[in-house]
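# Summary of structural features
Now for the letters of each chain:
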Amino acid sequence: MARHWWKALAILLLLYVIIAGFTVKIPIIGTNGQSSRGLFFHVPMWICMYTMFTVSIIYSLLYLSKYDLKKDVIAASAAGVGTFFGVLGFATGTLWATYTWGGTLTDDPKQMCTAIAILIYMAYLVLRMSVHDLDKRARISAVFNIFAFALLIPLTYIIPRMVDSLHPGSATTPGFASKDTDGSMKMVLYPAFIGWTLLSVWIFSLVVRYKKLQLKNIFK
């Protein structure tokens, strides 16, 4: 049981984040009102997404160096989990936009670029399902994964910070950090980063085990 301590930590942290996220007193920032509480769930989803996509690209590169199908399985598993959390991040962001921007889906650069990045990774997953030969699928997917990751950071981080956007942290809209003068939001947000990331790693480990069971005849 000792080796599963981090799973217990994930559960405890997420319980704290969910309870405190809806009850802790937060500063009223602009017109956001209580919708700022979405930060405790929205931003950690992106942290999970970036973590999983980074794991995925590392194992795609490792696969291309030795053509070990086990590395491809890990890369695909991480990409799938990363896409899942990316969709959750986009969904929580659109929910926040509905109450603060007056529209669920807008032409805001941050929202549009993020949608494109997630669609690219969805295309990666569809590509994997369309190629049945394991070796061919692994090679094509690894190359596509490099392409997807190369676009991820510019689309979701660099471009939105260079252009005008309603999204906090852009070139014209400041973030929330300067308004959290007493640190009440940070007391929930930082544990949220750890808790949600541990959960993503937990889900990732389960997906890898499942995929290896599917291919147990190959991975003897």
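Residues numbered from 1 in each chain as written. Predicted model: local features only at pLDDT ≥ 70, side-chain atom pairs only at ≥ 80, totals over all residues. Heavy atoms only, no water.

### Comments concerning the environment of S65
The following threshold applies: Secondary structure follows DSSP: runs of H or I at least 4 residues long count as helices, runs of E at least 2 residues long count as strands, and numbering of each begins at the N terminus. Partly exposed residues are those whose accessible area sits between 20% and 50% of the maximum for their type, while under 20% is buried and over 50% is exposed, using a 1.4 Å probe and protein chains only. Between N or O atoms, a polar contact is any pair within 3.5 Å; within protein, one atom must be a potential hydrogen donor and the other a potential acceptor, and residues adjacent in sequence are included only when both atoms are from side chains.
In this fold, S65 is placed in helix α2 (residues 39–66). A relative accessible area of 51% places S65 in the exposed class. One polar contact links the side chain of S65 to the main-chain carbonyl oxygen of L62, over a distance of 2.6 Å.

### Regarding the confidence of the model for the protein
Parts of the prediction with low pLDDT should not have their coordinates interpreted in detail. Filter applied, for reference: A residue's pLDDT is the confidence the predictor assigns to it, expressed on a 0 to 100 scale.
Put simply, the protein has an average pLDDT of 86, and 84% of its residues get 70 or more. At the level of individual helices and strands, the protein shows its lowest average pLDDT in helix α3 (residues 69–100), which scores 91, and its highest in α2, which scores 95.

### With respect to the pattern of salt bridges
How we decide: Here a salt bridge means any side-chain nitrogen of Lys or Arg lying within 4 Å of a carboxyl oxygen belonging to Asp or Glu.
As enumerated under the stated definition, the model contains two salt bridges in all. K71 is paired through a salt bridge with D68; the nearest N and O atoms lie 3.3 Å apart. Overall, D68 belongs to the partly exposed group, its relative accessible area being 27%. A salt bridge links R128 to D72, with the nearest nitrogen and oxygen atoms 2.8 Å apart. A residue pair is termed long-range when its members are at least 10 positions apart, and R128 in helix α4 (residues 109–130) and D72 in helix α3 qualify at 56 residues. Of the two residues, R128 and D72, both sit in the buried class.

### A few points about a nonpolar patch on the surface
Using the following cut-off: Nonpolar side chains (Val, Leu, Ile, Met, Phe, Trp, Tyr) within 5 Å and like charges within 9 Å form the patches, drawn only from residues with over 30% relative accessible area and no salt bridge. Computed by Shrake-Rupley with a 1.4 Å probe, the accessible areas treat only the displayed protein chains as cover when residues are assessed.
Nonpolar side chains collect at one region of the surface, where I153, Y157, I158, I159 and M162 lie side by side and expose about 460 Å² of accessible area between them. You can see Y157 is positioned in helix α5 (residues 134–162).

### Here we look at the side chain of H42
Here H42 lies in helix α2. Residue classification places H42 among the buried residues on the basis of a relative accessible area of 13%. A polar atom in the side chain of H42 sits 2.9 Å from the backbone oxygen of G89.

### A short note on the nonpolar core
Definition in use: Among the buried residues, those of types Ala, Val, Leu, Ile, Met, Phe, Trp, Tyr and Cys that are joined through side-chain atoms within 4.5 Å form a nonpolar core. Contacts are assigned to residue pairs with any non-hydrogen atoms lying within 4.5 Å of each other.
Membership of the largest hydrophobic core comes to 21 residues, with the highest contact counts inside it found for V17, F40, W196 and F204. Those elements that place two or more of their residues in this core are α1 (5–23), α2, α3 and α6 (186–214). Ignoring any residue separated from it by four or fewer positions in sequence, one finds F204 in contact with M52, V55, I74, S77, A78 and V81.

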